[in-house]
Amino acid sequence: MSKRLVWIPEEIEKLKSEGFYNKIRTLSSPQGAWLVVDGKRVLNFCSNNYLGLANHPKLVSAAKKAIDDFGVGPGAVRSIAGTMDLHLELEKRLATFKGVEACISFQSGFMANLATIPCLVGKGDAIISDELNHASIIDGSRLSGATILRYNHTDAKHLESQIKTNQDKFRRMLVITDGVFSMDGDMAPLDNIYEITNKYDVMLMVDDAHGEGVVGKGGRGIVDHFNLHGKVDVEVGTMSKAFGVMGGMVAGKSIIIEWLRQRGRPFLFSSAATPADVAACLAAVDVLEQSTELVDKLWQNGNYFKSEMKKLGFDTGLSQTPITPVMLGDAILAREFSRELYEEGVFAMALGFPTVPLGKARIRVMISATHSKEDLDLSLQAFAKVGKKLGVIA
Ligand SMILES: *Cc1c(COP(=O)(O)O)cnc(C)c1O
């Protein structure tokens, strides 16, 4: 290896010795309740496919039809080559679904954050960010050049003191929080946060990636859940999780959406989502608008799984959503637990430091509407067996 590249294998060795090396499993089946993982058929508790839409027949046929009608690629960025009516239709439908004035779609949720945050704040401004916000919020914030201040996780009082002590040092302020936090399945106290941002007249943005299609009436998101329609300035979401496809969105006041169309760099300098993706997202909106059945089933499954796990003696942490952390504490124990579960035919991720705080390692169980009661019972049996074997429960 050339001398200028030897640092890379050295860094990779370091990752391995510290236990941070990512070994990525190979899937050879569509996303669903069951998966073929590294050649073995297992129950799936790892994906964000909350509603089973990733392999839903309506979405699949909509995507195929869009390929026949519009081809496979968008050709260029929307502001240069022109935007397909399909993309505009999706944005209109999303705005109606979410009960906002307007919506703009992006290639992913990550892109939505990279586009939005630098449009709202820059040098001389401050972002006040929940300490556990998602990586894409952190990256979007850095990209903006604004000063980044943190507040303690979901702590509205600390947020208020951060605003109060810093407000006159900056031109503008933007408060950003995840809606649903994916590591604990807990939710931002958006009602309290809104009261504070409104009191001090600072901008409020929520990234509802794990809440979109999950919380609120029929999956309309966290703003709907707290009945804050028209109050939260910017709602970022993703169509890559519960929507089952790929894409990001920003919903809110039309003046903000218009500003993003003029100034959002991933909108202006990266090509649009493909016709197949957009058509599948439109079909996802159809499914969600037609019935709350899938969202209801997701919550039923989550509540059942959590209450049975508690009966077994497991600690499911702070979860307020179908995301269920199984708190184990020690990272080595969590990895061992995940390996044993896999042997029992259950695919669930172990999360340790630095993804979660030191001493707070866990198995994260991603419940989906596609799981049957039998699936959940099978997994509960596996958890009980492994939990006893490893001395986590009596
Ligand atoms: C997953 C996630 C994203 C990224 O969404 P993609 O559509 O997968 O790019 C952004 N923000 C939060 C909070 C997320 O959980």
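Residues numbered from 1 in each chain as written. Predicted model: local features only at pLDDT ≥ 70, side-chain atom pairs only at ≥ 80, totals over all residues. Heavy atoms only, no water.

Engineer: Please explain the overall build of the protein chain as it appears in this structure.
Structural biologist: What the protein chain contains, in helices and strands, is 15 helices and 13 strands. The C-alpha atoms of the protein chain give a radius of gyration of 22 Å, which matches the 21 Å a tight globule of 394 residues would have. Expressed along its principal axes, the backbone C-alpha trace of the protein chain runs to roughly 55 × 55 × 55 Å. Looking at the protein chain residue by residue over its 394 residues, the buried ones come to 52%. By element, 54% of the accessible surface of the protein chain is carried by carbon and sulfur atoms, the whole surface being about 18100 Å². The average position of the 45 basic charges and that of the 46 acidic charges among the side chains of the protein chain differ by 3 Å. (Helix = DSSP H or I, 4+ residues; strand = E, 2+ residues; numbered from the N terminus. Rg over C-alpha atoms; globule rule 2.2 N^0.38 Å. Buried < 20%, exposed > 50% of the residue type's maximum accessible area, 1.4 Å probe, protein only. Areas by Shrake-Rupley, 256 points an atom, 1.4 Å probe, with all protein chains shown as cover. Lys, Arg positive; Asp, Glu negative; His and termini not counted. Charge placed at Lys NZ, Arg CZ, Asp CG, Glu CD.)

Engineer: What's the story with the pairing of strand S3 (residues 102-106) in this structure? I'm lost.
Structural biologist: Across a regular strand the side chains alternate sides, sitting on one face of the sheet and then on the other. Among the 5 residues in S3, 5 count as buried, and that is most of the element. Both faces of S3 are covered, namely the face carrying Ala102, Ile104 and Phe106 and the face carrying Cys103 and Ser105.

Engineer: Sorry, what's going on with the packing of helix H2 (residues 57-70) against helix H12 (residues 275-290) here?
Structural biologist: Two packed helices can be described by the angle between their axes and the distance between those axes. Between H2 and H12, whose axes approach to 7 Å, the crossing angle comes to 140 degrees. Regarding H2 and H12, the two cross each other, and that crossing is right-handed. Counting all contacts with H2, which are made through Lys58, Leu59, Ala62, Ala63, Ala66, Ile67 and Phe70, the residues of H12 involved are Pro275, Ala276, Ala279, Ala280, Ala283, Ala284, Val287 and Gln290. (Axes fitted to C-alpha atoms, helices over the stretch in contact; angles between N-to-C directions. Left-handed = near helix turned anticlockwise from the far one by under 90°. Contact = heavy atoms within 4.5 Å.)

Engineer: Can you help me understand the site of the ligand in this one?
Structural biologist: Around the ligand there are 14 residues in total, and Gly109, Asp207, Thr238, Ser240 and Lys241 lie nearest to it. Here serine 240 contributes a side-chain N or O atom positioned 2.5 Å from an oxygen atom of the ligand. Between lysine 241 and the ligand, the recorded distance is 2.6 Å, taken from a side-chain N or O atom to an oxygen atom. Burial of the ligand by the surrounding chains reaches 87%, relative to a free accessible area of 390 Å². The biggest single contributor to the shell around the ligand is helix H5 (residues 109-120), with 3 residues. Considering only residue class, the shell around the ligand consists of 2 nonpolar, 9 polar and 3 charged. (Near = heavy atom within 4 Å. Polar contact = N/O pair within 3.5 Å; in protein donor to acceptor, adjacent residues only side chain to side chain. Nonpolar A, V, L, I, M, F, W, Y, C, P; charged D, E, K, R; others polar.)

Engineer: Mind showing me how you'd approach helix H6 (residues 135-144) here?
Structural biologist: What sets the pattern is the α-helix's 3.6 residues per turn: residues three or four places apart point alike. Within the span of H6, buried status applies to Ser136, Ile137, Gly140, Ser141 and Ser144. Projected down its long axis, H6 carries its buried residues within an arc of 135 degrees, all on one side. Among the exposed residues of H6, those oriented more than 90 degrees off its buried face are Arg142 and Leu143. Against the buried residues of H6 lie H5, strand S4 (126-130), strand S5 (147-151), strand S6 (173-178) and strand S7 (203-207). Two residues or fewer after H6 comes glycine 145, characterised by a positive phi angle close to 80 degrees. (Arc of directions from axis to C-beta.)

Engineer: Explain the sheet that holds S4 to me, please; I cannot follow it from the model alone.
Structural biologist: Hydrogen bonds between backbone groups are what pair the strands of a sheet, and the pairing can be parallel or antiparallel. Overall, mixed pairing links the 7 strands, which are arranged S3-S9-S8-S7-S6-S4-S5 in an open sheet. For this open sheet the edge positions go to S3 and S5, each flanked by a neighbour on one side alone. With direction set aside, neighbouring strand axes in the sheet form an average angle of 20 degrees. Examined bridge by bridge, S6 and S7 share 5 bridges and lie parallel to one another. The partner of aspartate 178 across the bridge, within S7, is aspartate 207. Strands in contact with helix H10 (residues 254-263) are S3, strand S8 (234-238) and strand S9 (248-252); relative to S3, the strand with the most contacts, it is inclined by about 30 degrees. (Pairing = 2+ DSSP bridges.)

Engineer: Teacher, can you tell me more about the environment of valine 175 here?
Structural biologist: Examined against the element boundaries, valine 175 turns out to sit in strand S6. Residue classification places valine 175 among the buried residues on the basis of a relative accessible area of 0%. Considered as a pair, valine 175 and isoleucine 163 are 12 residues apart in the sequence and their alpha carbons are 9.0 Å apart. Not counting the four nearest positions on each side in its chain, valine 175 is found in contact with Ile128, Tyr151, Leu159, Ile163, Ile193, Thr197, Val202, Met203, Leu204 and Met205.

Engineer: I'm lost on a nonpolar patch on the surface in this one. Help?
Structural biologist: Together, Met1, Leu5, Val6, Trp7, Ile8, Ile12, Leu15, Phe20, Tyr21, Phe353 and Leu358 line one region of the surface with nonpolar side chains, adding up to about 1100 Å² of accessible area. On the basis of relative accessibility, which here comes to 34%, the residue phenylalanine 20 falls in the partly exposed class. (Patch = residues over 30% accessible without salt bridge, like charges linked within 9 Å, V, L, I, M, F, W, Y side chains within 5 Å. Salt bridge = Lys/Arg side-chain N within 4 Å of Asp/Glu carboxyl O.)

Engineer: Would you explain the packing of aromatic side chains in this entry?
Structural biologist: Counted by the stated rule, this structure contains 8 aromatic pairs. Relative to phenylalanine 267, the ring of phenylalanine 106 has its centre 6.4 Å away and its plane inclined at 75 degrees; by these criteria the two rings are edge-to-face. Note that phenylalanine 106 is positioned in strand S3 and phenylalanine 267 in helix H11 (residues 265-269), a separation of 161 residues in sequence. Ring geometry for phenylalanine 337 and phenylalanine 383: centres 5.7 Å apart, planes at 35 degrees, overall tilted. Placement of phenylalanine 337 in helix H14 (residues 331-343) and of phenylalanine 383 in helix H15 (residues 373-389) is noted, with a sequence separation of 46 residues between them. (Phe/Tyr/Trp six-rings, centres within 6.5 Å; stacked < 30°, edge-to-face > 60°.)

Engineer: Is there a simple way to think about the nonpolar core in this case?
Structural biologist: Ranked by internal contacts, the top residues of the largest apolar core, which has 64 residues, are Ile163, Val175 and Phe243. Broken down by element, this core gets its largest block of residues, 11 residues, from H12. The residues touching phenylalanine 243, leaving out its near neighbours within four places in the chain, are Leu53, Leu59, Leu94, Phe97, Glu212, Gly213, Thr238, Met249, Cys281, Ala284, Val285 and Leu288. (Core = buried A, V, L, I, M, F, W, Y, C linked by side-chain atoms within 4.5 Å.)

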